[in-house]
Every structure is written in C-alpha cells, then in structure tokens.
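# Coordinate analysis (summary)
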Amino acid sequence: TVLGIAEDWAAAKGRLETIAADPGSAGKGLPLADVRLLAPLLYPGEIYCAGANYSDHVEEMARAQGLELEADPKSRGLTSWHFIKAGRSVVGTGETVTLPSQGVDWEAELVAVIGRTAKNVSVADALDHVLGYTVGNDLSARDRMKREQIAASSPFKFDWVAHKSFDGACPLGPWIVPADAIADPQALKIGLSVNGVTKQASSTSQMIFSLADQIADLSAIITLHPGDLIMTGTPAGVGTPKGEFLKPGDEVRVTIEGIGEIVNTMA
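An account of the accompanying structure is given in this report. Model, not experiment: these values are computed from the prediction.

### Structural notes on the environment of Lys 146
- Topologically, Lys 146 is positioned in the loop between strand S8 (140–141) and helix H4 (160–164).
- Along the primary structure Lys 146 and Ala 62 are separated by 84 residues, whereas in three dimensions their C-alpha atoms are 16 Å apart.

### A closer look at helix H3 (residues 55–64)
- All of the buried residues along H3 are His 57, Glu 60, Met 61 and Ala 62.
- Looking one or two residues past H3, Gly 66 carries a phi angle of roughly 65 degrees, positive in sign.

### Overview of the sheet that holds strand S3 (residues 90–91)
- An order of S2-S1-S12-S6-S7-S9-S3 is seen for the seven strands of this open sheet, with the pairing classed as mixed. The open sheet has two free edges, formed respectively by strand S2 (82–85) and S3, since each of these has just one partner strand.
- Relative to strand S9 (residues 170–178), strand S7 (residues 130–137) runs antiparallel, the two sharing four bridges. Within the sheet, the bridge partner assigned to Tyr 133 lies in S9 and is Val 177.
- Across the face of the sheet, helix H5 (residues 211–221) comes into contact with strand S1 (47–50), S2, strand S6 (108–114), S7 and strand S12 (229–231) while running at roughly 125 degrees to S12.

### Re the pattern of salt bridges
- Applying the stated criterion across every chain yields a total of 12 salt bridges.
- A salt bridge links Lys 164 to Asp 138, with the shortest nitrogen-to-oxygen separation between them at 2.9 Å. Taken together, the residues span a long stretch of sequence, with Lys 164 in helix H4 and Asp 138 in the loop between S7 and S8 at a distance of 26 residues. The same class applies to Lys 164 as to Asp 138, namely buried.
- In the salt-bridge network here, residues are joined through shared partners; they are Lys 85, Asp 105, Glu 107, Asp 138, Arg 142 and Lys 164.

### Points about the pairing of S9
- Two strands pair when backbone bridges link them, and S3 and S9 are joined in this way by two bridges, in the parallel orientation. Directly across from Val 91, in S9, lies its bridge partner Pro 171.

### Examining the packing of aromatic side chains
- On inspection of all chains with the given rule, the structure shows three aromatic pairs.
- Measuring from centroid to centroid gives 5.7 Å for Trp 81 and Trp 160, while their planes differ by 65 degrees, and the two rings are edge-to-face. With Trp 81 in the loop between H3 and S2 and Trp 160 in helix H4, the pair connects residues that are 79 residues apart, well separated along the chain.
- What links up through ring pairs into an aromatic cluster is the set Trp 81, Phe 83 and Trp 160.

### Looking at the pairing of S6
- Burial analysis of S6 places seven of its seven residues in the buried class, the great majority of the element.
- Taking every second residue as pointing to the same face, both faces of S6 are buried, with Ala 108, Leu 110, Ala 112 and Ile 114 on one and Glu 109, Val 111 and Val 113 on the other.
- In the sheet, S6 pairs with S7 via seven bridges, with the strands oriented antiparallel. Across the sheet, Ala 112 pairs through a bridge with Tyr 133, a residue of S7.
- Pairing between S6 and S12: three bridges, direction antiparallel. Bridge assignment links Val 113 to a residue of S12, and that residue is Leu 229.

### Here's the deal with the nonpolar core
- Ranked by size, the top nonpolar core spans 42 residues in total, and within it Tyr 133, Ile 215, Leu 224, Ile 230, Leu 246 and Ile 259 carry the most contacts.
- With residues up to four places along the chain from it excluded, the contact list for Tyr 133 reads Leu 110, Val 111, Ala 112, Leu 127, Trp 175, Ile 176, Val 177, Ala 179, Ile 182, Pro 185, Leu 211 and Ile 259.
- If you look at the next biggest cluster of nonpolar residues, it comprises 16 residues, including Leu 41, Ile 47, Phe 83 and Leu 131.

### Quick notes on the sheet that holds strand S14 (residues 260–266)
- Taken together, the five strands give an open sheet; going across it, the order is S4-S14-S13-S10-S11, and neighbouring strands pair in mixed fashion. Only two strands of the sheet have a single neighbouring strand rather than two, namely strand S4 (96–97) and strand S11 (197–203).
- Bridge analysis of S4 against S14 gives two bridges, and the strand direction is parallel. Note that in S14 the partner of Thr 96 across the bridge is Thr 265.

Analysis parameters
Residues numbered from 1 in each chain as written. Predicted model: local features only at pLDDT ≥ 70, side-chain atom pairs only at ≥ 80, totals over all residues. Heavy atoms only, no water. Helix = DSSP H or I, 4+ residues; strand = E, 2+ residues; numbered from the N terminus. Buried < 20%, exposed > 50% of the residue type's maximum accessible area, 1.4 Å probe, protein only. Pairing = 2+ DSSP bridges. Contact = heavy atoms within 4.5 Å. Axes fitted to C-alpha atoms, helices over the stretch in contact; angles between N-to-C directions. Salt bridge = Lys/Arg side-chain N within 4 Å of Asp/Glu carboxyl O. Phe/Tyr/Trp six-rings, centres within 6.5 Å; stacked < 30°, edge-to-face > 60°. Core = buried A, V, L, I, M, F, W, Y, C linked by side-chain atoms within 4.5 Å.

What follows is the structure in structure tokens.
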C-alpha cells in the first residue's frame, strides 16, 4: 500500500527511483489515459489543516465577516494554527463530490506527506521529515460552520465536523511527488478554477507560516507519523467574500506547479 511505502520510505524511495529509471523493470505498465487514479493516499493517518495561513486570505475573510484585521500572527510571536480533517473524507481526482449544502467553498492547498516520525523537530530539520507533496482542495461547508441555536458567546458554537469533514471534503492527488523533486515548497505557483474561470492564483511564497514552521509547531504538540498529511493553507480567492458557492455540475480544477492538478465535479 502507499501507506506501507510511507512507513518504510527510507527503503522504498530507492526501489521507486530504480523503477522510475527503468519502468520496464516493474513489468508491463498501463497508459495513464486508460486507468482511473484513486487518491494517492486513500487512507492517510491524520490530516492537519493550517487555518488562516495566507495573509491575503486572512484579509478577505476578515472583511467578509466584518471583523477587524489583526496583526500578522507570526510577527506577534504566535505559532501556526491547525484543525483536523477526517481521513475518510479523502477522494481522488476525477471523482464526483456530493455537496452537503448550498454553502460549500473551495480552497486550493499544497499538501505535504510525512515520511519520518517527527517529534519536537526544529524548523531547520523539519523538511527532512517530508516524503513528498500532492495537491489538495479543502472543501468547506461555510453554512454548516455555526450552530445557529447556540449563543454566539458559547465555546460550542462551531461545528468543525460538519464544516470540514463531510464525505468527499478532501480531494487529493493526482499523485505524490517525492520531496527531493521539489527544490523549494515555498516557491510554487498555486491556482484554482471553477468551470474554467480562475478563482485563486497565488504562490506558496505567500504563506505566513512556512511548511517547516508548521511541522515544527505541530511536532511540539503531537508526534507526526508516516502517512500523516499537512494541508498548508489557502490563498485569497475563495468564494465566501463574494457570496459565491459551488453548485451541482461545477468543475473544480486545482493546479500546483511541479506537482500536477486535480479535477472534481460537484453533484
């Protein structure tokens, strides 16, 4: 399994490089056009999602909610902030996602796959624990985030499961690119379109907290294991500020430079 590869990455990496250099050594292959790709890590460990990690996205969401824009959290000495998305919400490219409500938004994200156990790692050593990278879409049911019957001041106001973990909420793929094939994960173009119309167009250089920052911060709280995923945040261009949400029939395409693209249709 791919999870097995992640858990034995030190050995598997060399074997995969040998196959890549001589594809015939693995036996007869199939043309990509003739197969249907599943998500590259269909049953991941944990999925940690960075919230509010692109400055332009923070600004647009503050405006949408009528909130005062706070100073950059990193400049204030804060650490990165994450929530968890259900692993069973993962689907591959080409799959249809059934919308759970009328307020589902899109979020293009660079996703890192952990390949070495990480606990209390430094920022300098953090990227040594990454197996590779893939493309993700953190689909979010904005209209299911708040429990309307609960007081605004209540700590139980928010429903993160309904908001972030419905079936199909985590399109992922089309494959995993080994980490050493990406020179700098903080210098990749990232974009998303809906029905061919560009909605997000940015660069991973715009992250507030880098991937290395995130791995260091998370590993100080909980041990990261091979097969865990880190979704690193999304740039500006989501639908919420404009009151624009996904509809049945919409085609969503997410592309990241050097990795590839995923395409999903809404139903």
